[in-house]
Amino acid sequence: MECVHQSQASIEKYDALSDFLKKFYIPSYVLSPEDEAVAVPSTPPESPILVFINSKSGGQLGGELILTYRSLLNDKQVFDLNVETPDKVLQRIYLNLERLKHDALTCKIKEKLKIIVAGGDGTASWLLGVVCDLELSNPPPIATIPLGTGNNLPFAFGWGKKNPGTDKSSAESFLAQVIKAKEMKIDNWHVLMRMKSPKKGSLDSIELPPSLHAFRRASPSDQANMEGYHTFRGGFWNYFSLGMDAQTSYEFHSQRKLHPENFKNQLVNQSRYLKLACKQGWFCASLLHPFSHNIAQLAQVKICDKSGQWNDLHIPQSIRSVVCLNLPSFSGGLNPWGAPNPKKQYDRSLTLPFVDDGLIEIVGFRNAWHGLVLLAPKGHGTRLAQANRIRFEFKKGAAKHAYMRMDGEPWKQPLPLDDETVILEISHHGQVNMLTTENCMSKSMYESSPKVRFSDDGTEDEPLVANCEEEFRKFGAADTFKVPSDV
């Protein structure tokens, strides 16, 4: 009897929707095998969507957005990430889609399905990792609603930086953009980190980001399972950073975790962030921070060439922060790589920062003043290299720890206290589909005639996309992904 009432309620809600909102509506029986099939709608929706919202993001905005979208659509196609993780949701839905593969309406929905994720950069990366890990037969493209502080991912694809309105009009305006959005493939970047087990305490005392997890390999002979060592893996889509910017971010996140009631306004959060950078002395780094904490003293950095050979990457002694950048949006929408002029493209074998060329841009900064150069029209950081694999080797030194950050999620990484080495390696690993608006900042190498990449002898080269080793085959999102700290 209850099922009959639910079906009747679904029909009444669908009939009450505007023609515009019906373009996004997914019937309940497609989302869950427990629901009875009813002819609502009778024709496939033009742009069926699944909506994932972090109810803890943006102060109270996340919770308000959930209520708004559930009032506009089928409430069963809107999910609170604080209640159910995206891997479980997508597994359930895609298993049901497979069960209904002979249903014409279901097949059309599967072909046209899109995903909307609302949250900070960490939340968006969480969902991207899940979609990659599940290896869906027809992975849906993803649009992002900016609910964080920096909102670099949404800005890179034209969805804006400011937290959106939560009223019905604002939600419908966003849906109108989704239906007109174009797809763009972007590179995935896999992270593998190996470190020796701590002699005292356990790894539970190390607050690693949710996008980096411990894992065990199937083969007993694999070095990742060697006695006394822990191996972690994860992925990012925007950036990995090491040094002063990650330290400021870590302090910001620590304070927000202790006093979340003070961090509910985006503009206030950004001003707090700037104050922390001043307080930590990054505008006078050469005077207030020891030389031993510079990147060249903390780690030996290597990049891999096309032949698979690892070569040392020279890091100037003055560099205090290194950013490995996939998208042209960092620290609130700034582009640290910029656009190298043709002479530098030829002399140093550099290219424009395309998001699908299998290359990551490696940029260095000396201090906070150097970072402010990005505000100038042609400002950029110190361009160190472009590569499709990069390795950081941390050995015993003056520092006991280093600050790192991936897609807005910082952590404090312990460094070796003896002769052992902490290794962190970044490698290209496939691509994922994003939805973009006409204001998209990211550029594809296939959109127009891009600047070609030159080798040392001046001859034209093909884009670099290396074959990854077996240990880089998975991000660890589907079964081992932890819930982000802001959930």
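Remember, predicted model here, so these are calculated numbers, not experimental data.

A separate point is the pairing of strand S8 (residues 239–243). Taking burial as the measure, the five residues of S8 include five buried ones, the bulk of the element. Relative to strand S11 (residues 321–325), S8 is paired through five bridges, and the arrangement is antiparallel. Bridge pairing in S11 links Gly-243 to Ser-321. Inspection of the sheet shows S8 paired to strand S15 (residues 401–406) by three bridges, in the antiparallel sense. In the strand pairing of S15, Leu-242 is matched with Met-404.

What follows covers helix H5 (residues 86–99). For H5, which comprises 14 residues, the first-to-last C-alpha distance of 20 Å matches the rise-based estimate of 20 Å (1.5 Å per residue) to within 8%. Turning to H5, its buried residues number three or more, namely Pro-86, Asp-87, Val-89, Leu-90, Ile-93, Tyr-94, Asn-96 and Leu-97.

Here we come to the nonpolar core. Leu-50, Phe-52, Tyr-69, Leu-90, Ile-116, Phe-157 and Ile-186 are the most contacted members of the largest nonpolar core, which has 66 residues in total. With eight residues, helix H7 (residues 121–134) is the single largest residue contributor to this core. A domain split of this core shows at least three residues from each of domain 1 (1–180) and domain 2 (188–431). Tyr-69 has contacts with Val-51, Ile-53, Val-78, Ile-145, Ala-171, Phe-174 and Leu-175, leaving out every residue within four places of it along the chain. In this structure, Met-193, Ile-303, Leu-313 and Val-422 belong to the second largest nonpolar core, which totals 38 residues.

The subject of this paragraph is unusual backbone geometry. Here Glu-135, not a glycine, exhibits a phi torsion of approximately 50°, which is positive. Residue position: Glu-135 is located in the loop between H7 and strand S4 (142–146). Even without being glycine, Asp-407 reaches a positive phi, approximately 45°.

The next point concerns the pairing of strand S9 (residues 299–304). Of all six residues that make up S9, five are buried, and the element is covered over most of its length. Examined bridge by bridge, S9 and strand S14 (residues 389–394) share five bridges and lie antiparallel to one another. Pairing of Lys-302 across the sheet is with Arg-391, part of S14. As paired elements, S9 and strand S10 (residues 310–312) share three bridges and run antiparallel to each other. Along S10, the bridge assignment pairs Lys-302 with Asp-312. Once S9 ends, the chain turns through five residues before running back antiparallel as S10, passing Gly-308 with a positive phi of about 90°.

Calculation criteria
- Residues numbered from 1 in each chain as written.
- Predicted model: local features only at pLDDT ≥ 70, side-chain atom pairs only at ≥ 80, totals over all residues.
- Heavy atoms only, no water.
- Buried < 20%, exposed > 50% of the residue type's maximum accessible area, 1.4 Å probe, protein only.
- Helix = DSSP H or I, 4+ residues; strand = E, 2+ residues; numbered from the N terminus.
- Pairing = 2+ DSSP bridges.
- Expected span 1.5 Å × (residues − 1).
- Core = buried A, V, L, I, M, F, W, Y, C linked by side-chain atoms within 4.5 Å.
- Domains from an automatic or database assignment.
- Contact = heavy atoms within 4.5 Å.

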